[in-house]
Amino acid sequence: MNLRKTTLKNYRNISDLEIKPCENINIIYGKNAQGKTNLLESIWMLTGTRSFRATKDKDLLKFSSDWSKITGEFFSHGRDQQIVIEIKDGHRKAYLNGIDEGFATSIIGNFRVIIFSPMHLSLIKGGPDLRRRLIDAAICQIKPSYTKLISGYSHVLKQRNTLLKILNTDSSLRDTLDIWDNKLVSYGSKIIVERLKYIEDLKRISTEIYSEISQNKEKFLIKYNGCTKSSIENSIDEVFGFLEKKLSSNVQSDISNGFTNSGPHRDDIDFFIDSKPVKHFGSQGQQRSGILAVKLSEAKCMEEKTKEKPIVLLDDVMSELDSFRRGYITEKIKDYQVFITSCEELNFAENRNAKKFLIDQGRVVEG
């Protein structure tokens, strides 16, 4: 996959911008708050998913503007293609090769991107929500139908939680809870199975990558910590039964608390080095090596599943890594199209195909 050209209109601090990146390393540099991350974010938005910065769609608009437009021309699976994302009235609308696809989520899986940003440096020690979003976003790009599972589950979970709050003071609707439980278990069991499959691939690749980073001195392992304690060996029917039993056993507690205590929305991903939890026992260097292994594995896993290399976005993370890890990541992504943001003009002199863009006040002034 290769981004040939991207154009922005009224996007955050960018009024009108166009760049034509090269097929290898693209360095986007400049002072802070000039629009470097905004440009990277706009490339991510072409995937059809929400911003990796967890912001509302209305915040993507340039101040005093009521609309924004992102256009990406790219080469994928042997042909030139185009995606247009329009943001207006709090919604994102997508066009794929000139065809109106409706909501932006409908194009997920056509333009695949891996993002490594400063927020991922807290992936291991941060809250489980970040880890779940990391896994879910990757699965959605590999298997777009997973997006509907997440959306369906979120809708049913919201309805069930609303009912639980009512049942806390009024038990007359108790019989209707079974309807929402069955739907929640149906969506939830499928989500768990997909996550287990993905984690199995991620575990295989990340263990090998971390071994290279540690020079075979340590063993890295990823595990899915789910409410049902299911494994990759369990069938969808078995996971359904596990989750159904778990939900049933917690029903009184759910009613008392007014929310659903267990399910894939509460699951987590654990990381281990030499059988010890990295979250509690890992040094800062080990944590960063683990995160680096996970992000590089994400790219490799996506490549294996889709038979095409995703685009790699590195948002101001090179300065956070030591020289060894910077060198390692540079070597691993040399065959990908890469976009790197930095406050400084990074030197990739060894790669003659590198292209640099100086960003100043939302404009490209050099590149």
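Because the structure is predicted, anything quoted here is derived from the model rather than measured.

Our focus in this paragraph is the overall build of the chain. When helices and strands are counted, the chain shows nine helices and 15 strands. Expected size for 367 residues packed as a compact globule is a radius of gyration near 21 Å; at 22 Å, the chain falls within 12% of this value. Taking the principal axes of its C-alpha atoms as reference, the chain extends roughly 65 × 55 × 35 Å. In the chain, the share of contacts with a sequence separation of at least 24, taken over all contacts with a separation of at least 6, comes to 71%. For the chain, the exposed surface amounts to about 17,300 Å²; the carbon and sulfur share of it is 48%. When the 57 positive and 49 negative side-chain charges of the chain are each reduced to one mean point, those points stand 1 Å apart.

Time to look at the packing of helix 4 (residues 177–213) against helix 8 (residues 284–306). Between helix 4 and helix 8, the least distance of the axes is 8 Å, while the angle of their chain directions is 125°. Regarding the angle of helix 4 to helix 8, the classification is oblique. Regarding helix 4 and helix 8, the two cross each other, and that crossing is right-handed. For the contact of helix 4 with helix 8, a count of residues per class yields eleven nonpolar, five polar and six charged.

This paragraph deals with the packing of aromatic side chains. For the structure on display, the rule yields four aromatic pairs. Aromatic pair Trp44 and Phe52: ring centres 6.2 Å apart, planes at 85°, arrangement edge-to-face. Judged by centre distance (5.1 Å) and plane angle (75°), the ring pair of Phe74 and Phe111 falls under edge-to-face. Residue Phe74 is found in strand 4 (residues 67–76), and its partner Phe111 is found in the loop between strand 7 (99–103) and strand 8 (113–116); the two are separated by 37 residues along the sequence. By relative accessible area, which is 0% here, Phe111 ends up buried. Site record: aromatic cluster; members linked through ring pairs are Tyr210, Phe220 and Phe271. Here Lys223 stacks its cationic end above the ring of Phe272, 5.2 Å away from the centre of that ring.

This part is about the sheet that holds strand 13 (residues 338–342). An order of 8-12-13-3-14-15 is seen for the six strands of this open sheet, with the pairing classed as mixed. Lying at the two open borders of the sheet, with one neighbouring strand each, are strand 8 and strand 15 (363–366). Looking at each pair of strands side by side, their axes are set apart by 25° on average, direction ignored. Across five bridges, strand 3 (residues 25–29) lies against strand 13 in parallel orientation. When the sheet's bridge partners are listed, Ile28 is paired in strand 13 with Thr341.

Turning to the environment of Lys334, a few remarks are in order. Among the structural elements, Lys334 can be located in the loop between helix 9 (323–332) and strand 13. With relative accessibility at 42%, the residue Lys334 sits in the partly exposed group. Separated by 240 residues in the primary sequence, Lys334 and Ala94 have C-alpha atoms spaced 31 Å apart. There is a polar contact of 2.7 Å between the side chain of Lys334 and the side chain of Glu331.

So, on to the sheet that holds strand 11 (residues 276–277). In spatial order, the strands read 9-10-11; together these three strands make up an open sheet with antiparallel pairing. Across the chains shown, the open sheet's two edge strands, defined by having one partner strand only, are strand 9 (220–225) and strand 11. Looking at chain direction, strand 10 (residues 268–273) and strand 11 are connected through two bridges and run antiparallel. Its bridge partner lying in strand 11, Phe272 is registered against Pro277. Helix-sheet contacts for helix 4 involve strand 9 and strand 10, and the interaxial angle to strand 9 is about 170°.

A word on the pairing of strand 9. In strand 9, alternate side chains face the same way, and those of Phe220, Ile222 and Tyr224 are buried while those of Leu221, Lys223 and Asn225 on the opposite face are not. Examined bridge by bridge, strand 9 and strand 10 share six bridges and lie antiparallel to one another. Residue Lys223 lies in a different strand from strand 10, and its bridge partner there is Asp270.

Reading the values: rules and limits
- Residues numbered from 1 in each chain as written.
- Predicted model: local features only at pLDDT ≥ 70, side-chain atom pairs only at ≥ 80, totals over all residues.
- Heavy atoms only, no water.
- Helix = DSSP H or I, 4+ residues; strand = E, 2+ residues; numbered from the N terminus.
- Rg over C-alpha atoms; globule rule 2.2 N^0.38 Å.
- Contact = heavy atoms within 4.5 Å.
- Areas by Shrake-Rupley, 256 points an atom, 1.4 Å probe, with all protein chains shown as cover.
- Lys, Arg positive; Asp, Glu negative; His and termini not counted.
- Charge placed at Lys NZ, Arg CZ, Asp CG, Glu CD.
- Axes fitted to C-alpha atoms, helices over the stretch in contact; angles between N-to-C directions.
- Parallel < 35°, antiparallel > 145°, perpendicular 65-115°, else oblique.
- Left-handed = near helix turned anticlockwise from the far one by under 90°.
- Nonpolar A, V, L, I, M, F, W, Y, C, P; charged D, E, K, R; others polar.
- Phe/Tyr/Trp six-rings, centres within 6.5 Å; stacked < 30°, edge-to-face > 60°.
- Buried < 20%, exposed > 50% of the residue type's maximum accessible area, 1.4 Å probe, protein only.
- Lys NZ or Arg CZ within 6 Å of the ring centre and 35° of its normal.
- Pairing = 2+ DSSP bridges.
- Polar contact = N/O pair within 3.5 Å; in protein donor to acceptor, adjacent residues only side chain to side chain.

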